[in-house]
Amino acid sequence: MLEVKAIMNSSVEDVIGFKCCNLPDQNLEIHVKNAGEKPVKALSRFVLDAGEKQVELTTVYPPGGQVIQPGEAAAFYCNMDDEEWKLYSSITAFDDQGGSFTAAL
Amino acid sequence: MATGIKDKVAIIGMGCTRFGERWDVGAEELMVEAFQECIQDAGIDKKEIQAAWFGTCLDEVNVGKSAVPLSTTLRLPFIPCTRVENYCATGTEAFRGAVYAVASGAYDICLALGVEKLKDTGYGGLPGGGSNAGSLMWQWWPMLTAPGSFAQLASAYAAKYKIPDGDLKRAMAHVSAKSHDNGVLNPKAHLQKKVTEDQIMAAPIIAHPLGLFDCCGVSDGSACAIVTTPEIAKKLGKKDFITVKALQLALSSGEEVGYNDWDGDHFMTTSRASVKAYEEAGITNPREEISMMEVHDCFSITELVTMEDLHISERGQAVKDIMDGFYDLKGGGVPCQVDGGLKCFGHPIGASGLRMLYEMYLQLHGKAGERQIDNPRLGLTHNLGGFPFQNVCAISIVGKYDG
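All of these numbers come straight from a predicted model, not from anything done at the bench. (Residues numbered from 1 in each chain as written. Chains lettered and ligands numbered in written order. Predicted model: local features only at pLDDT ≥ 70, side-chain atom pairs only at ≥ 80, totals over all residues.)

> Outline the overall build of chain A, listing residues and values.
Helix and strand content of chain A: 2 helices and 8 strands. Reading the helices (α) and strands (β) of chain A from amino to carboxyl end gives β-α-β-β-β-β-β-α-β-β. The globule rule puts the C-alpha radius of gyration for 105 residues at 13 Å, and the 13 Å found for chain A is close to it. The dimensions of chain A, computed from C-alpha atoms along their principal axes, are 35 × 35 × 20 Å. Here chain A holds 105 residues, and the buried ones make up 31% of them. Within chain A, residue pairs in contact and separated by at least 24 positions form 60% of the contacts whose partners lie at least 6 positions apart. (Helix = DSSP H or I, 4+ residues; strand = E, 2+ residues; numbered from the N terminus. Rg over C-alpha atoms; globule rule 2.2 N^0.38 Å. Buried ≥ 20, exposed ≤ 12 C-beta atoms within 10 Å, placed from the backbone. Contact = placed C-beta atoms within 7 Å.)

> Break down the interface of chain B and chain A for me, citing the residues and quoting the values.
At the junction of the two partners, chain B supplies 16 residues and chain A supplies 13 residues. Looking at side-chain class alone, the side of chain B that touches chain A contains 9 nonpolar, 4 polar and 3 charged residues. (Nonpolar A, V, L, I, M, F, W, Y, C, P; charged D, E, K, R; others polar.)

> Before we move on, can you summarise the pairing of strand β3 (residues 40-50) of chain A with the specific residues and values?
Residue and element names in this part refer to chain A. Pairing between β3 and strand β5 (residues 66-68): 3 bridges, direction antiparallel. Note that in β5 the partner of Ala42 across the bridge is Gln66. As judged from the 5 bridges shared by β3 and strand β4 (residues 53-57), these two strands associate in the antiparallel manner. Bridging across to β4, Leu48 finds its partner in Val55. (Pairing = 2+ DSSP bridges.)

> Lay out the packing of helix α6 (residues 165-183) of chain B against helix α12 (residues 300-309) of chain B with the relevant residues and their values.
Residues and elements named next belong to chain B. For the pair α6 and α12, interaxial distance at closest approach is 9 Å and the crossing angle is 100°. As far as their axial angle goes, α12 and α6 are roughly perpendicular. Residues Ala171, Met172, Val175 and Ser176 of α6 form the contact with α12, whose participating residues are Ser300, Ile301, Glu303 and Leu304. (Axes fitted to C-alpha atoms, helices over the stretch in contact; angles between N-to-C directions. Parallel < 35°, antiparallel > 145°, perpendicular 65-115°, else oblique.)

> Give me the sheet that holds strand β4 (residues 110-116) of chain B: which residues, what numbers.
All names here are of chain B. Taken together, the 9 strands give an open sheet; going across it, the order is β3-β2-β4-β7-β1-β8-β11-β10-β9, and neighbouring strands pair in mixed fashion. Whereas interior strands pair on both sides, the edge strands pair on one side only; in this sheet they are β3 (81-84) and β9 (292-294). With direction set aside, neighbouring strand axes in the sheet form an average angle of 25°. Examined bridge by bridge, strand β8 (residues 242-251) and strand β11 (residues 390-400) share 9 bridges and lie antiparallel to one another. Pairing of Thr243 across the sheet is with Gly399, part of β11. Contacting β1 (10-16), β4 and β7 (221-228), helix α1 (residues 27-42) runs over the sheet at an angle of about 140° to β1. Its contacts with the sheet put helix α3 (residues 90-103) on β2 (51-55), β3, β4, β7, β8, β10 (378-387) and β11, and the angle it makes with β4 is roughly 170°.

> Can you lay out the UniProt feature "domain: Thiolase C-terminal" (unreviewed entry) in chain B for me, pointing to particular residues and giving the numbers?
When the UniProt feature table is mapped onto this chain numbering, "domain: Thiolase C-terminal" (unreviewed entry) sits at residues 268-395 of chain B. Secondary structure across residues 268-395 of chain B comprises 42% helix and 15% strand; the distance between its end C-alpha atoms is 13 Å. (UniProt positions renumbered as here; feature names shortened; annotations may be inferred.)

> Before we move on, can you summarise the nonpolar core with the specific residues and values?
Residue and element names in this part refer to chain B. Membership of the largest hydrophobic core comes to 156 residues, with the highest contact counts inside it found for Ala52, Ala98, Cys110, Ala112, Leu113, Cys224 and Ala225. At 10 residues, the largest contribution of residues to this core is made by helix α15 (residues 349-364). Those residues in contact with Ala52 that lie beyond four places of it in its chain are Leu70, Leu76, Ile79, Cys81, Cys110, Leu111 and Leu113. (Core = buried A, V, L, I, M, F, W, Y, C linked by C-beta atoms within 7 Å.)

Structure below.
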C-alpha cells in the first residue's frame, strides 16, 4: 500500500541542482510512503491525469525505483511546467508487483 | 611557561563574500570582495597591514601555489605573505598564523584571508584526487569516499549507544533542517530555502544512513580578518572589540587506526582539542558558558557527534539534545550553525574557518540581523578536515574583550 503526495515548486530544487551534478530544474517533488507492513519497491514512474489527457513521467530521479521500508517515505524528483501542472487532477504511483496507487492533487 | 592566547589579540575587522556558485567572478574578485568589507570595517589603511596569511586548500583547481595570488590581487606592498593549507581547517590555520604573529610582537597588524573557487570544476563535491594522487592511492585508501567514511561513523555511533536507525535519521534530519531554517535568515548563504524534516528523511540515500540533505556540498567564497593587539585596537578608537580566547589544533596521530581503543564512533582530535581550548579560554562549564557555535557539519552525523566531542552534550545524549531543540536558534540552549553552517552558508574550504569566525564576530557586535542571538558572550568555531579515522581539528573561541 503506497501513499503518494506531490509538492510542486519544491524548495529542494536548489539543493538538487547544486548537489546533484547536471540535474537542474527538479521542481516537482513526489513523496511515496509505504503504509503497509512489508517493504515495497516503488517504481520511478508516475502518471498524471487531466481527464482526457494522461501524461506518464518516466524521467524521474532517482531512476530504477526505490525500496521503501514500512512506515517510511521516499522522494522522487522531476521537472514540471507551472501551467501544465494546473491541468492535472491526480497522480498515480506504481510498485513492482503491478499495483497502482492514486492520489488527488 | 606558556600562557596561551587569551585576550592577547583583537579582531578589528572582518569581511565575507556571499557564498555559492559564483560563476560571475574568479578567486581574485572574491578576495577583493571580502577584503574591501574587512578593511572598511577595520578603519585602517591597507599600508598598515604588516604581514598576511593566505588559506586555500585545493590550489590545483583554483588560485595556484604560493601566497602570490593574495599579494598581487590585493596589491599588498611587498610585505610577508604566507600560504597555508590544512584540509578543511585551512581558513582557521590562516587566522592562527596572523594571530600568533601579532601575539609574538613581531607585527602590529596582520591579515588572514581564505578563499576557494571550486565550482568551475563542474563537480558537486570535492574534486577527485585523479592520477596525480598516485597510482597506489586506491590501495591505501581503498573504496574510500567521504560520505561512505562518515556513514561508518554514524553506524558505529548508533551501535555503541544502541540508538534505533529511525531515531538517528530523525535527529540528523533535525540537524539539517535547522541549518536550512537559519540559512533562510542569511542573505550571504548559498542555500536560502527552508526544507522540512520529512523532505530530508525522504531524500535519496547517498551512503546509509546519510541522505542527500545530510551531506554538504562545496561552494565558492572568501572571508578574511584583520587582527592587532588590544592596545592598538584601543588607540584606533575601537570599543567593545572582540578578542581571541583560545586557538587549538589537534591532528590524528595514527592512534585511531593503529590501535584498538577507538570504536570509530567519535573524533579523538575534537575531544582533545576542545578540552585544551576551554582550558586556554578559562571555561569550566562549556554547556553553560559558550553562547553559540559554528561547527563543521560536512555531514549531519559529524555535527551530531561533535556536540559530544565538544563536551556540550554528554556521551550518547546528542540525539536527545538535538530533538529537544537545544541547538536551535531559539531553543534556549547553545545555538549551532546560526548562519546556516557548511550545508547552507556553504563550504569554500579555504574560507570556511574564517566564515565561521565572521558569524561569531557579527553576533558579538550585535550585527547579525534577523538571526541575532541575545547577548552572546563567547562563540566557538570548529573545523574538521579529513575523515573520522584521520583528520585535522581546529577550535577557536572568541568573545568580548574583558580587559
